[in-house]
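# Structural description and commentary
Chain residues, written in single-letter form:
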Amino acid sequence: STLQMTGCNFLCMSEYGEAISSYEDALELQFNVFPADHLDIAATQKLLGLVYLQRNQLDEARSNLLKCLDIQTKKLPHDHPDLMDTRDLIQRLL
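What you see is a predicted model; the values in this text were computed from it and never measured.

When helices and strands are counted, the protein shows 5 helices and 0 strands. The order of helices and strands in the protein, counted from the N terminus, is α-α-α-α-α. Burial analysis of the protein (94 residues in total) assigns 35% to the buried set. Approximately 5,600 Å² of the protein is accessible, and the part contributed by carbon and sulfur atoms is 53%.

If you want it as C-alpha cells, here you go:
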C-alpha cells in the first residue's frame, strides 16, 4: 500500500516516528478492509516490529513481530521464507 511505502521511505531515512505513524495508519486501513488474519496485516506488523527494533524498543518490536508470526503461522506453510525470517527476528529478541 502507499502508506506502507511511505513508512519504508521514512525508515530508510531513519525517521522512525514518521515510519511508525505511517505503518499505524496503514494498519488502521487494513483492519477496515481485510480480515484480521490477512497477510498484508502481518507484513505491516512486521514492518512496525522492525522500526521498533531499530529504536531499541524491544517490547514493542516483540509484540508486533508476534502478531505477524501468529498470522503467518496460520496462513503460510511451515517452511515459508517469510515465516522463517519472522521466527529468526523473534529469536534475536529473546
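Let us now look at the environment of Gly17. Tracing the backbone through its elements, the reader meets Gly17 in helix H2 (residues 16-33). For Gly17, a relative accessible area of 43% puts it in the partly exposed group. Residues Gly17 and Arg55, spaced 38 residues apart in sequence, show a C-alpha to C-alpha distance of 9.4 Å.

The next subject is the packing of helix H3 (residues 39-54) against helix H5 (residues 81-93). Where H3 contacts H5, the axes come no closer than 12 Å and their chain directions differ by 30°. Classified by the angle between their axes, H3 and H5 sit roughly parallel to one another. Handedness of the crossing formed by H3 with H5: left-handed. Packed against H3, whose contacting residues are Lys46, Leu50 and Leu53, the element H5 presents Asp82, Asp85, Thr86, Leu89 and Leu93 at the interface. Residues that form the contact of H3 with H5 fall into these classes: 4 nonpolar, 1 polar and 3 charged.

About the cut-offs
Residues numbered from 1 in each chain as written. Predicted model: local features only at pLDDT ≥ 70, side-chain atom pairs only at ≥ 80, totals over all residues. Heavy atoms only, no water. Helix = DSSP H or I, 4+ residues; strand = E, 2+ residues; numbered from the N terminus. Buried < 20%, exposed > 50% of the residue type's maximum accessible area, 1.4 Å probe, protein only. Areas by Shrake-Rupley, 256 points an atom, 1.4 Å probe, with all protein chains shown as cover. Axes fitted to C-alpha atoms, helices over the stretch in contact; angles between N-to-C directions. Parallel < 35°, antiparallel > 145°, perpendicular 65-115°, else oblique. Left-handed = near helix turned anticlockwise from the far one by under 90°. Contact = heavy atoms within 4.5 Å. Nonpolar A, V, L, I, M, F, W, Y, C, P; charged D, E, K, R; others polar.

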